[in-house]
Amino acid sequence: MKILANNHLWWARRVVMLPIYLFFFAIAVFFLVRLIPGDPVINAAGGQNQTHAQYLSTQKALGLNGSIGHQLLTYLGNLVTLHLGTSFASGSEVLADLIRVIPGTVETALLASFGIVLLGFLVGTSVMLRPDSAVSRICVWIARAAGAVPDFVIGIFGILVLYLLLHIAPAPIGLFDVTLSAPPTVTGFPLIDALIAGDSAVFTSEIAHLWLPCLVLVLAYGPMLVKVLIPSIEAAAGANSTKFLVSTGWKNSTVLASVWRRAAPPAVAMFGTLFGYLLGGAVVVEQLFALQGSANYAVNAVKRSDYLALQGILLAIALISLIVFLLVDIITGVLDPRRRVFRAAS
């Protein structure tokens, strides 16, 4: 038997599709932002009176001059060269703004992702080893209510209980204590930049201010993963292959690893969708906890009808989500024998 390495074509197809998906999403975003009510030129000027020349200048700066077809072609052409324009809300290049605000949101989402994966592992292992225990029954009940409570409700409840009543969480007034100074920006990711600067005080303060927002995201979106994971665990644990391993005296660790390998693909696929929710949820908790990220930037773009900034941040989030979907597809292909990227031939 020899291995045919069509994994190269498998990789190529998915990598080539990334810019294609982004291209069609960019077109959708172009028309979507133009559904914002009101005159964007007047909104961009903050409602101030403008001369006709000023109006035309602002219209051109927003890329709204000419026919809709001309605007679309100009927009797509600028997108290819990464020229996203200048934001009216911030007064700086949109690309520079995105590099500044997106990492904070991604960092919060990644920390929450780690918490959700840990939650899924603990719940899955509990259901696997002791399916009739009180803990397992509680986990099943919580999973059935997945998504029933919005993230902002959990966030407000967390602030009221953990900060105002119990005083175990810091005040929701920023990413770190107001007495501290932000370290130099190197990567844009606050925790990593604090580590690079060797500023343990800022790093510790950031952890203290991030654990509650991340917990909010875990509690809001973790049950969605658990809801998919529990049936998958139960099916894999009751499969004939698992019974064979147990009956032939394989070690418990081997049996658990086998069950996890067969149960993980649906949960991994669900995680790809879940990460998109986490990015949106991270924007919400940034508003609640006054964290560094893209929340204020996006809100200001909507308020000012800042088409260029709004298009830029939507495309950035779409690109991140597409990359996550690609990674999820790869991991699922590795875990699921039915989707292996290698095949055997004689």
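Owing to the predicted nature of the structure, the values given are computational and were not obtained by experimental measurement.

A tally of helices and strands in the protein yields 13 helices and two strands. For the protein, the spread of C-alpha atoms along the three principal axes comes to 85 × 65 × 40 Å. The 346 residues of the protein split such that 41% are buried. Sequence separation of 24 or more characterises 75% of the internal contacts of the protein that already satisfy a separation of 6 or more. Total accessible area computed for the protein in this model is approximately 18700 Å², and 70% of it derives from carbon and sulfur atoms.

What follows concerns a nonpolar patch on the surface. Among the surface-exposed residues, Val149, Phe152, Val153, Ile156, Leu160, Leu164, Leu165, Leu166, Ile168, Trp211, Leu215 and Leu219 lie close enough to one another that they form a single nonpolar patch of about 1100 Å² accessible area. For the nonpolar patch, the elements supplying multiple residues, two or more each, are helix 7 (151–165) and helix 9 (200–237). Looking at the nonpolar patch element by element, the count peaks at six residues for helix 7. For leucine 219, the location among the structural elements is in helix 9.

This part takes up the UniProt feature "transmembrane region" (unreviewed entry) in the protein. Mapped onto the present numbering, the UniProt feature "transmembrane region" (unreviewed entry) falls at residues 12–33, 109–129, 141–166, 210–230, 268–289 and 309–335. Across residues 141–166, the secondary structure splits into 73% helix and 0% strand, with the terminal C-alpha atoms separated by 27 Å. In residues 210–230, the share of helix is 100% and the share of strand is 0%. The end C-alpha atoms are 28 Å apart.

The next thing to look at is the packing of aromatic side chains. All chains considered together, the criterion is met by six aromatic pairs. Ring centres 5.0 Å apart and planes at 90° place the aromatic pair phenylalanine 30 and phenylalanine 31 in the edge-to-face group. By relative accessible area, phenylalanine 31 is classed as partly exposed at 41%. Between phenylalanine 121 and tryptophan 260 the ring centres are 5.6 Å apart and the planes differ by 20°, which places this aromatic pair in the stacked class.

Within the secondary structure, leucine 162 is located in helix 7. Counting along the chain gives 85 residues from leucine 162 to glycine 77, while the straight-line C-alpha distance between them is 50 Å. Leucine 162 has contacts with His167, Ile168, Ala169, Trp211 and Leu212, leaving out every residue within four places of it along the chain.

Turning our eyes to something else, we now look at the UniProt feature "domain: ABC transmembrane type-1" (unreviewed entry) in the protein. Mapped onto this numbering, the UniProt entry annotates "domain: ABC transmembrane type-1" (unreviewed entry) at residues 102–332. Within the segment residues 102–332, helix and strand shares are 78% and 0% respectively, and the terminal C-alpha atoms sit 27 Å apart.

A few words on unusual backbone geometry. The phi angle at leucine 82 is positive, at roughly 60°, despite the residue not being glycine. Relative to the assigned elements, leucine 82 resides in the loop between helix 4 (68–80) and helix 5 (94–129). Exposure remark for leucine 82: the relative accessible area of 54% places this residue in the exposed category. Positive phi outside glycine occurs at alanine 290, with the angle close to 55°. In this fold, alanine 290 is placed in the loop between helix 11 (252–289) and helix 12 (295–303). Judged by relative accessible area, alanine 290 falls into the partly exposed class, the value being 41%.

With respect to the element layout, serine 113 can be found in helix 5. Excluding residues within four positions of it along the chain, serine 113 makes contact with Phe271, Phe275 and Leu278.

Inspection of the secondary structure puts tyrosine 221 in helix 9. Relative accessible area serves as the criterion here: at 9%, tyrosine 221 is assigned to the buried category. For the pair tyrosine 221 and alanine 112, spaced 109 residues apart in the sequence, the C-alpha separation amounts to 9.2 Å. Residue contacts for tyrosine 221: discarding those within four places in its chain leaves Ile116, Asp151, Leu274, Tyr277, Leu278 and Gly281. At a separation of 2.5 Å, a polar atom in the side chain of tyrosine 221 contacts the side chain of aspartate 151.

The subject of this paragraph is the packing of helix 11 against helix 13 (residues 307–335). Two elements in contact, helix 11 and helix 13, have axes whose closest approach is 9 Å; the angle formed by their N-to-C orientations is 175°. Classed by the angle they form, the pair helix 11 and helix 13 counts as roughly antiparallel. Contact residues: Arg261, Ala264, Pro265, Val268, Ala269, Gly272, Thr273, Phe275, Gly276 and Leu279 in helix 11; Ile317, Ile320, Ser321, Val324, Phe325, Val328, Ile331, Thr332 and Leu335 in helix 13. Here the contact of helix 11 with helix 13 is composed, by residue class, of 13 nonpolar, five polar and one charged.

Further remarks concern the nonpolar core. Tyr75, Leu98, Ile102, Tyr221, Ile233, Phe275 and Leu278 are the most contacted members of the largest nonpolar core, which has 78 residues in total. Filtering out sequence-adjacent residues up to four positions away, leucine 278 remains in contact with Ala109, Ala112, Ser113, Ile116, Leu217 and Tyr221.

The rules behind these values
- Residues numbered from 1 in each chain as written.
- Predicted model: local features only at pLDDT ≥ 70, side-chain atom pairs only at ≥ 80, totals over all residues.
- Heavy atoms only, no water.
- Helix = DSSP H or I, 4+ residues; strand = E, 2+ residues; numbered from the N terminus.
- Buried < 20%, exposed > 50% of the residue type's maximum accessible area, 1.4 Å probe, protein only.
- Contact = heavy atoms within 4.5 Å.
- Areas by Shrake-Rupley, 256 points an atom, 1.4 Å probe, with all protein chains shown as cover.
- Patch = residues over 30% accessible without salt bridge, like charges linked within 9 Å, V, L, I, M, F, W, Y side chains within 5 Å.
- Salt bridge = Lys/Arg side-chain N within 4 Å of Asp/Glu carboxyl O.
- UniProt positions renumbered as here; feature names shortened; annotations may be inferred.
- Phe/Tyr/Trp six-rings, centres within 6.5 Å; stacked < 30°, edge-to-face > 60°.
- Polar contact = N/O pair within 3.5 Å; in protein donor to acceptor, adjacent residues only side chain to side chain.
- Axes fitted to C-alpha atoms, helices over the stretch in contact; angles between N-to-C directions.
- Parallel < 35°, antiparallel > 145°, perpendicular 65-115°, else oblique.
- Nonpolar A, V, L, I, M, F, W, Y, C, P; charged D, E, K, R; others polar.
- Core = buried A, V, L, I, M, F, W, Y, C linked by side-chain atoms within 4.5 Å.

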